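Structural overview
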Amino acid sequence: MSDTAAGLLQVGFLLLCLAAVYRPLGGYMARVYTSDKDLRIERATYKVFGVDSKADQTWGVYARSLIAFSALSVVLLYLLQRLQHWLPLSLGLPNVESGLAFNTAASFVSNTNWQNYSPEVTLGHLVQFAGLAVQNFLSAAVGITVAIALIRGFARAKTDRLGNFWVDLTRTVLRVLVPIAIIGTLVLVATGVVQNFSGGHEVTSVVGQSQTIPGGPVAGQEVIKELGTNGGGFYNANSAHPFENPNGLSNLFEIFLLLMIPVCLTRTFGLMVKDKRQGYAILGVMGTLWAAFTFSATFFENRGAGTATQAAGAAMEGKETRFGEWASALFATSTTGTSTGAVNSAHDSFTALGGGTALFHMMLGEVSPGGTGTGLYGMLILAVLAVFVAGLMVGRTPEYLKKKITAREMKLVSLYILTTPTLVLAGASIAMGLAVARASILNTDSPHGFSEVLYAFTSAGNNNGSAFGGLSGNIPFYNTALGLVMLLGRFVPIVLVLALAGSLARQQPVPVTQGTLPTHKALFVTLLVGTVLIVTGLTYFPALTLGPLAEGL
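The sections below set out a description of the structure shown in this document. (Residues numbered from 1 in each chain as written. Predicted model: local features only at pLDDT ≥ 70, side-chain atom pairs only at ≥ 80, totals over all residues. Heavy atoms only, no water.)

Glancing now at the packing of aromatic side chains. Evaluated as defined, the whole model comprises 17 aromatic pairs. On the basis of an interplanar angle of 85° and a centroid distance of 6.0 Å, the ring pair of F69 and W166 is categorised as edge-to-face. Residue F69 is found in helix α3 (residues 59-82), and its partner W166 is found in helix α7 (residues 165-191); the two are separated by 97 residues along the sequence. Residue class for W166 comes out partly exposed when judged on its relative accessible area of 27%. Ring centres of F457 and Y478 lie 6.2 Å apart, and the angle between their planes is 50°; this geometry places the pair in the tilted category. Of this pair, F457 sits in helix α17 (residues 447-461) while Y478 sits in helix α18 (residues 476-505), and the two are 21 residues apart along the sequence. Given a relative accessible area of 1%, F457 falls into the buried group. Y478 sits in the buried class, given a relative accessible area of 0%. Joined through ring pairs, the aromatic side chains of Y62, F69, F165 and W166 make up one cluster. Across from the ring centre of F350, 4.4 Å away, lies the NZ or CZ of K319, which sits over that ring. (Phe/Tyr/Trp six-rings, centres within 6.5 Å; stacked < 30°, edge-to-face > 60°. Helix = DSSP H or I, 4+ residues; strand = E, 2+ residues; numbered from the N terminus. Buried < 20%, exposed > 50% of the residue type's maximum accessible area, 1.4 Å probe, protein only. Lys NZ or Arg CZ within 6 Å of the ring centre and 35° of its normal.)

Next up on the list: helix α1 (residues 3-34). Owing to its 3.6 residues per turn, the α-helix aligns residues three or four sequence positions apart on the same side. Taking 1.5 Å of rise per residue, the 32 residues of α1 would be expected to cover 46 Å, and the 46 Å separating its terminal C-alpha atoms lies within 8% of that figure. Along its length, α1 shows its largest kink, about 40°, at Y22, and proline P24 lies within four residues downstream of that point. (Expected span 1.5 Å × (residues − 1). Bend = angle between axes of the 7 residues up to and from the residue.)

With respect to the helices, strands and loops of the structure, T545 is situated in helix α19 (residues 522-546). Spatially, the C-alpha atoms of T545 and F360 are 11 Å apart, while their sequence positions differ by 185 residues.

Our next topic: the pattern of salt bridges. Evaluated as defined, the whole model comprises 12 salt bridges. In this structure, E301 engages K319 in a salt bridge whose closest nitrogen and oxygen atoms are separated by 2.7 Å. Here the residue E301 occupies a position in helix α10 (residues 276-303), and K319 occupies one in the loop between α11 (307-312) and α12 (324-336), the gap between them amounting to 18 residues. Here E301 matches K319 in class, with each residue buried. (Salt bridge = Lys/Arg side-chain N within 4 Å of Asp/Glu carboxyl O.)

Next comes the structure, spelled out in structure tokens:
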């Protein structure tokens, strides 16, 4: 079988698997967030923490609860790293340096999972599974709760209540993430992913040298790393490491995991707003963008760049031979489109335009299909912008899902859209202006050096976590700057989304008339795809011309 046929076959099988779980998982999540009944374990949790599960919150209380919970998570994860040496299962490793500990805490709580360190030689088992893996569950759950709150904003009327953050968080973890993670862990172990508490295995390499290969509870962290669109690897090589991702079957299953919840949430959205066609429309936009970027990345990596790669038949530098260029490009597109950040190949070694495709994909705002929750609410924000643009063209007050889009809503949408580009471009500009930051760039004599910096801040601002490996990020400047960008890029947009949800929930639905723009048809899907690409292009094109475009052309 040719590489092309094998590549197309795996893409088709992936889409078939996603289609198989779309209705049952999407419907199940809709029932989870609309049910009035609490499980016994949930009632016990509420009792311990003093939560009234029947008390809905205003958007402000919901936001304050979320911010307080996340702030406490940052502090606890920071302390866990700083005290590592004296804790059990530390493997004798020292405490993590303060700047790196802050960066890591900010990274995992913000669902970014940017890693300025080699995990297997920096963190013991306790920090890995009790710190990082726990935050992989919690940060993913936080993103989903925000998406559900925004859906309720569209679905509810004449109320200032969006639900209860603590209830949504608890249900997301216990009813959605944990059950899937348990099944997924068993599947990964069956494919060969490591799961133990070994401190390491002494082996003799092919050149006769002794080497210690660390083990650990890899499968349990690997599954939530992908399922929760987190991305932080147990090993420095991430999903290119054979202990995390040993073969083609495990690779395809991991891609399936990271796409599953973002895709199925569109079904949840359609059911909760009582119009399944709206969910299909949003899924259509996400799928169109994902397919376009998958084709582009695969084309550039197969075509290669330059005489050597074209003669070899593809650009295989930085890629695992057990995966090849098709599976590497598919993984790269899926991970940069879902805020996952996991990698099964070195993005820094992609062709200039292939790496630029991954970079531009993140710049869309992680909406194709986006992270757990973040992709859906990001796309809904852009949908509001699209109907506003359409309203301007026909001279009519824009409406979306029977809610008027007034000046207040558009101010919140505008602030949301401006937040991440401001953080990314300002951060990259400051880094390029400081000698200490420029000293961390590997390729100082080519546009690729700027691409490394731009990729880092794009990844941090969009809470992705992948990197161009040529940038040495473990210095005080990048630990602090990227940590702040990750926190601001995560929580400022979240507050704006919750404020928008609160504003929409207070409205009285307006009746659908002949002048109402149908937001479930192909015309609106096309408009929304164009809006996403044009907004991103106008925002980032000047920066892209200085980096990957200059290098590739």
